[in-house]
Amino acid sequence: FVLSSGIPPSQTAAGKEMIEHLSKLRLKAVERTRSYFLNVMKQLRRPKTHIRMIQTHALLKYEYLVDFLLVSSPTIHIEIRDVYVESMSKTLH
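Residues take numbers from 1 onward in each chain, read along the sequence in its written order. Two thresholds apply to this predicted model, a pLDDT of at least 70 for residue-level local features and 80 or more for giving and counting side-chain atom pairs, whereas whole-chain, interface and lining totals are computed over all residues. Only heavy atoms go into the side-chain values, all of them from the structure, while hydrogens and water stay out.

Colleague: Teacher, can you tell me more about the nonpolar core here?
Modeller: In summary, soluble globular proteins display a tendency toward joint burial of nonpolar side chains. Buried Ala, Val, Leu, Ile, Met, Phe, Trp, Tyr and Cys residues form a nonpolar core when they are joined through side-chain atoms within 4.5 Å. Partly exposed residues are those whose accessible area sits between 20% and 50% of the maximum for their type, while under 20% is buried and over 50% is exposed, using a 1.4 Å probe and protein chains only. The biggest cluster of nonpolar side chains holds 15 residues, and the ones touching the most others in it are F37, M41, L44, L59, L69 and I80. Within the residue set of this core, elements represented by two or more residues are α1 (13-45), α2 (51-59), α3 (63-72) and α4 (74-92). Broken down by element, this core gets its largest block of residues, five residues, from α1. Those residues in contact with F37 that sit more than four places away from it in its chain are A58, L59, Y62, L65, V66, L69 and I80. Secondary structure is summarised from DSSP: a helix means a run of H or I of at least four residues, a strand means a run of E of at least two, and numbering begins at the N terminus for each. Here a residue-residue contact requires only that any non-hydrogen atoms of the pair lie within 4.5 Å.

Colleague: Which parts of the structure should I look at to understand the pattern of salt bridges?
Modeller: Note on pairing: side chains with opposite charge can pair once their charged atoms come close. The term salt bridge refers to a side-chain nitrogen of Lys or Arg lying within 4 Å of a carboxyl oxygen of Asp or Glu. Following the criterion strictly, the structure yields five salt bridges and no others. Two residues, E86 and R45, come together in a salt bridge whose shortest N-O distance is 3.5 Å. Of the two residues, E86 sits in helix α4 while R45 sits in helix α1, which places them 41 residues apart along the sequence. With a relative accessible area of 40%, R45 lands in the partly exposed category. Between D82 and R81 there is a salt bridge; the shortest N-O distance is 3.4 Å. On the basis of relative accessibility, which here comes to 40%, the residue D82 falls in the partly exposed class. Residue R81 is classed as partly exposed on the basis of its relative accessible area, which comes to 42%.

Colleague: Hey, could you run me through the packing of aromatic side chains in this one?
Modeller: Each aromatic pair joins two rings of Phe, Tyr and Trp (for Trp, the six-membered one) with centres within 6.5 Å, and gets the label stacked for planes under 30 degrees apart, edge-to-face for over 60, and tilted for any other angle. Per the stated rule, a full pass over the model turns up three aromatic pairs. Considering the side-chain rings of Y36 and Y62, the 5.4 Å spacing of their centres and the 80° angle between planes classify their relative orientation as edge-to-face. Placement of Y36 in helix α1 and of Y62 in the loop between α2 and α3 is noted, with a sequence separation of 26 residues between them. Judged by relative accessible area, Y36 falls into the partly exposed class, the value being 28%. On the numbers, 6.2 Å between centres and 65° between planes, the contact of Y62 with Y64 is edge-to-face. Taken together, the ring pairs connect Y36, F37, Y62 and Y64 into an aromatic cluster.

If you want it as structure tokens, here you go:
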């Protein structure tokens with residue numbers, strides 16, 4: 001997207017300011033998403049938990065957040081994946 005004056009929006013003063021705001025918002029969204037998934041993993045580790053319900057209603061319902069983490073913060077995505085694998089291995093075995 002290029003303005004009529006030939007300057008890309010990201011190169012304008014307002015564009016640079018918006019990039020900073022969007023970056024802060026992305027970090028906040030990553031933080032909240034991480035917190036959400038870690039809380040779900042805690043639920044999976046509880047005894048006598050209906051795992052399928054949690055997987056369906058808490059994980060599959062928000063699978064797009066996993067994609068968001070993969071793009072926005074690959075290290076957090078790996079952390080969540082590893083915690084999930086560990087939780088399931090302890091739960092199922």
